[in-house]
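# A closer look at the structure
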Amino acid sequence: MKKPRTAMKSHQKKRAPCQEGREKRVLCGRQVKPSTPNDLARRKEGVLVQASLSPYHLFRDTADIIVFRENLLSWYDREKRDLPWRRRAEGEVDLDRRAYAVWVSEVMLQQTQVATVIDYYTRWMQKWPTLQDLASASLEEVNQLWAGLGYYSRGRRLQEGARKVVEELGGHMPRTAETLQQLLPGVGRYTAGAIASIAFGQATGVVDGNVVRVLCRVRAIGADPSSTLVSQLLWSLAQQLVDPVRPGDLNQAAMELGATVCTPQHPRCSQCPVQSLCRAHQRVECERLLGLRSPPGSPDVEECAPDTGPCQLCAPPTEPWDPTRGVTNFPRKAGRRPPREEYSATCVLEQPGALGGPRILLVQRPSSGLLAGLWQFPAVTAEPSGPQQREALLRELQSWAGPLPAPRLRHLGQVVHTFSHIKLTYQVYGLALEGQTPVTVVPPGARWLTREEFHTAAVSTAMKKVFRVYEGQQPGTCKGSKRCPMSTPSSRKKPSPGQQLLDSFFRPHIPTDASSLNSTAQ
């Protein structure tokens, strides 16, 4: 560890030894690409954001920026994961195809683990390898392939964007982050920056959940990362750090670092390529050394020394440093509103004696709103409990399938499924039409499907949970993402140890721009 310098006497507040500036390093020359007007505007915006903030939380030394880039890129070249979207983008010479490949991966990775996305991405690109292929697909096909991935509006908007590129933009993707965000539905600041930097080499920074964590630790930013000030600063730092020669690789390296090394709960600081620049790690080491040679009750290590007033980027006094947490004191966890609670009654209506084998009834949801265009079992909005629930559900069933034997409608249990903003409790009913003439005609928006067809249809994960309760044929409860105890042995497939390791290793990829989050919250 570098020896602390002797504190200088001045009118400023005394700083801790570990917080002194780093020695200048020899700068190495790089060929910098010409800046666009938008690049210059963003740099100016970043300068204004940083002007009134404590230097302790910023990158004021150009040598540190060069070291950050070089160390991170060298590490990335050695340690990056072999992922299908990276292979496709690196091997694709056609810019529009390359941008499309990046776009699909970035949309799928929003709020979703890498291990989950790999299979969906592979199947998607096999089915629709180009923008033109996706533009000609039906929404039903898109929903069917997307089923189980969650945040279903992402697939719909991805297809809407592909159609706009093909029909209105001559089949060519916009070439800059600004025009990507302006012209493509559902593309926010993060997604636009990722496409522009990875596919087109634009020197624009990106900020997702992983990058937020890395930057907050490297610069010891303890204020709420969702606040306007901190959000603006993080984007400014990302723009400042992006490598002008390898912008896409630098952005992916920062995200890779947050996903695999600088993780939320168990960071592997000893393997971090930018540890020497990390303010959070410096504080941990300072406190460790001070603890070895200082008596109990010694004052805490000072975080920074702003010229005037309290620091806007340090944690508030109500949330003091916790020595037991180390670098995971950063970033500060933003308070989240609990999801609102809603209730529904749904029924699996089955014809065991239908021609060609047993069939179940599915109806299509409206074309907008939650789970738009997906298929579900007939359902009604219901109170948590009420005598009218059964009658309302029976009327809904009869509107689709005609007269039904009411006494056979049985309550089987409940399923609790949490969406991004809604905690929805389904009261699950079942009704088997034994000994009746099979229903062959249904109104538009309804289908009778075999069980095999159901499992490949465009249905949500919540409906699959409901069906597992029905398959159990007895009362039961299935909560959250846990497998329902009512499910049959074949549906209770336990993930292999290897898959469990992958699930714990691959962190979800979370965009921080509000437009991206809003566009995927369905």
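That block above? That's the structure.
These notes cover the structure that comes with them. Here the residue index of a chain counts from 1 through its sequence in written order. The predicted nature of this model means local features are confined to residues of pLDDT at least 70 and side-chain atom pairs, given and counted, to a pLDDT of 80 or more, with totals for whole chains, interfaces and linings taken over all residues. As a rule here, side-chain values come from all non-hydrogen atoms in the structure, and water together with hydrogens is ignored.

## A short note on the nonpolar core
Keep this limit in mind: Working definition of a nonpolar core: buried Ala, Val, Leu, Ile, Met, Phe, Trp, Tyr and Cys residues. They are joined through side-chain atoms within 4.5 Å. Under the scheme applied here, a residue whose accessible area is under 20% of the maximum for its type counts as buried, over 50% as exposed, and between as partly exposed, the area being computed with a 1.4 Å probe on protein chains only. Strands are runs of DSSP state E lasting at least two residues, helices are runs of H or I lasting at least four, and both sets are numbered from the N terminus onward. Throughout, a contact is declared for two residues whenever any of their heavy atoms are within 4.5 Å.
Trp124 and Met173 are the most contacted members of the largest nonpolar core, which has 117 residues in total. At 9 residues, the largest contribution of residues to this core is made by helix H4 (residues 95-109). In contact with Trp124, not counting residues within four places along its chain, are Tyr100, Val104, Met108, Leu134, Val142, Leu145, Trp146 and Leu158. Cys347, Leu397, Leu431 and Trp448 belong to the second-largest nonpolar core, a separate cluster that totals 19 residues.

## Concerning helix H3 (residues 84-91)
Listed as buried for H3 are Pro84, Trp85, Arg86 and Ala89. Packed against the buried residues of H3 are helix H2 (62-79), H4, helix H5 (114-127) and helix H13 (247-260).

## Considerations on the pattern of salt bridges
Stated formally: For salt bridges, the criterion is a side-chain nitrogen of Lys or Arg within 4 Å of an Asp or Glu carboxyl oxygen.
Applying the stated criterion across every chain yields a total of 17 salt bridges. The salt bridge partner of Asp77 is Arg246, with a shortest N-O separation of 2.7 Å. Here Arg246 lies in the loop between helix H12 (228-241) and H13 and Asp77 lies in helix H2, a separation of 169 residues in the sequence. Given the relative accessible area of 27%, Arg246 is considered partly exposed.

## Let's talk about the side chain of Thr263
Definition in use: Distance and chemistry together define a polar contact, namely a pair of N or O atoms within 3.5 Å, with one atom able to donate a hydrogen and the other to accept it when in protein, and with adjacent residues in sequence counting only for side-chain atoms on both sides.
Along the chain, Thr263 falls in the loop between H13 and helix H14 (279-293). Overall, the relative accessible area of 5% leaves Thr263 in the buried class. Reaching out from Thr263, the side chain makes a polar contact with the backbone oxygen of His266 at a distance of 3.0 Å.

## Quick word on the environment of Leu404
In this fold, Leu404 is placed in the loop between helix H15 (388-401) and strand E6 (410-418). On the accessibility criterion, Leu404 (11% relative accessible area) is buried. Through-space distance from the C-alpha of Leu404 to that of Leu394 is 8.0 Å; in sequence the pair is 10 residues apart. Filtering out sequence-adjacent residues up to four positions away, Leu404 remains in contact with Leu349, Leu394, Leu397, Gln398, Leu431 and Leu433.

## Points about the environment of Arg86
Positionally, Arg86 belongs in helix H3. Taking C-alpha positions, Arg86 is 8.0 Å from Val102, a pair spaced 16 residues apart along the chain. Apart from residues no more than four positions distant in its own chain, Arg86 is found in contact with Tyr76, Lys80, Arg81, Gln252 and Glu256.

## Overview of helix H10 (residues 189-200)
The condition that has to hold: Here the expected length of a helix is defined as 1.5 Å per residue gap, with one fewer gap than residues.
The terminal C-alpha atoms of H10 lie 16 Å apart, and with 12 residues this matches the ideal 16 Å at 1.5 Å per residue to within 8%. Most of H10 sits out of view: 11 of its 12 residues are buried. Of the positions making up H10, those classed as buried are Tyr190, Thr191, Ala192, Gly193, Ala194, Ile195, Ala196, Ser197, Ile198, Ala199 and Phe200. Note on H10: the residue one or two positions beyond its end, Gly201, has a positive phi of about 75°.

## A few points about unusual backbone geometry
In the segment running from Phe330 into Pro331, the intervening peptide bond is cis, with an omega of -10°. Within the fold, Pro331 resides in the loop between H14 and strand E2 (340-351). Even without a glycine there, the phi angle at Gln111 is positive, about 60°. Mapped onto the elements, Gln111 comes out in the loop between H4 and strand E1 (112-113).

## Here's the deal with empty space enclosed by the protein
To keep things clear, this is the line we draw: Two kinds of site are reported from a 1 Å grid over the protein atoms alone, namely cavities, where a 1.4 Å probe fits but cannot get out, and pockets, open sets with protein on both sides within 12 Å along at least five of seven lines, and residues are called lining when an atom falls within 4 Å of a point. Grid points are joined across faces, edges and corners, and a volume is the space filled by probe spheres set on the points.
A full pass over the atoms with the stated rule returns 6 cavities of 30 Å³ or more. A volume near 110 Å³ is recorded for the second largest cavity. The element that contributes the greatest number of residues to the lining of the second largest cavity is helix H11 (residues 209-218), accounting for 3 residues.

## Some remarks on the environment of Gln271
Along the chain, Gln271 turns up in the loop between H13 and H14. We classify Gln271 as partly exposed; its relative accessible area is 44%. Along the sequence, Gln271 and Trp75 sit 196 residues apart, while their C-alpha atoms lie 9.5 Å from each other.

## As for the side chain of Thr260
With respect to the helices and strands, Thr260 occurs in helix H13. One polar contact links the side chain of Thr260 to the main-chain carbonyl oxygen of Glu256, over a distance of 2.8 Å.

## Examining the packing of aromatic side chains
Worth spelling out the cut-off: Any Phe, Tyr or Trp ring, taking Trp's six-membered ring, that has another such ring centre within 6.5 Å forms a pair; planes under 30 degrees apart are called stacked, those over 60 apart edge-to-face, and the others tilted.
Inspection of the entire model under this criterion finds 9 aromatic pairs. A centroid spacing of 5.3 Å and a plane angle of 80° characterise the contact between Trp85 and Tyr121, whose relative ring orientation is edge-to-face. Separated by 36 residues along the polypeptide, Trp85 in helix H3 and Tyr121 in helix H5 bring together distant segments of the chain. Judged by its relative accessible area of 1%, Tyr121 falls in the buried class.

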